[in-house]
Amino acid sequence: DVQLQASGGGLVQAGGSLRLSCAVSGFTFDDYVIGWFRQAPGKEREGVSSISSRDGTTYYSDSVKGRFTISSDNAKNTVYLQMNLLKPEDTAVYYCAAESTINILVTNGVGSTLDPSLYDYWGQGTQVTVSS
């Protein structure tokens, strides 16, 4: 049973930091790509960052590059998103999602994995609110 659980959201001031966690279970962690996505009210879900648990390849959206860092702890089957220098426009519900590396390669090749439509398994989101 593939499951993902996002946690760590909260209310912070602009310029502050949060670390989100995504605990995954029910599949071979090293064989999956894990992504972070966010959805603000009235907006479409967008990719934030992703990581291949096998080889560590990462991607970031232009809006978070240099401020956010994705990492994985394979022993704990957990992916983290360290968010620094937070801005009000980062306010959204943040979701983690997973897809097998094989399916990613078949569908997408070896390019960016920030398209939400690539992912079949989703966790419940965690709210991040950044005040100005």
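Everything discussed here concerns the structure shown above.
What you are looking at is a predicted structure, and each value in this text was computed from that prediction instead of being measured. (Residues numbered from 1 in each chain as written. Predicted model: local features only at pLDDT ≥ 70, side-chain atom pairs only at ≥ 80, totals over all residues. Heavy atoms only, no water.)

(A) How the structure looks around the sheet that holds strand β1 (residues 3–7). If you walk across this open sheet you meet the four strands as β1-β3-β8-β7, and the pairing is antiparallel. Both outer strands of the open sheet, β1 and β7 (68–73), are each paired with one neighbouring strand and no more. Sheet twist, expressed as the mean angle between neighbouring strand axes with direction ignored, is 15°. Note: strand β3 (residues 18–25) against strand β8 (residues 78–83), six bridges, orientation antiparallel. Pairing of Arg 19 across the sheet is with Gln 82, part of β8. (Pairing = 2+ DSSP bridges. Helix = DSSP H or I, 4+ residues; strand = E, 2+ residues; numbered from the N terminus. Axes fitted to C-alpha atoms, helices over the stretch in contact; angles between N-to-C directions.)

(B) Representation of the state of the cysteines in the model. This model, assessed by the stated rule, comprises one disulfide. Here Cys 22 engages in a disulfide with Cys 96; their sulfurs sit 2.2 Å apart. Across the S-S bond of Cys 22 and Cys 96 the torsion is about 75°, and the bridge reads as right-handed. Of this pair, Cys 22 sits in strand β3 while Cys 96 sits in strand β9 (residues 92–100); the two residues are 74 residues apart in sequence, bridging distant segments of the chain. (Disulfide = S-S within 2.5 Å.)

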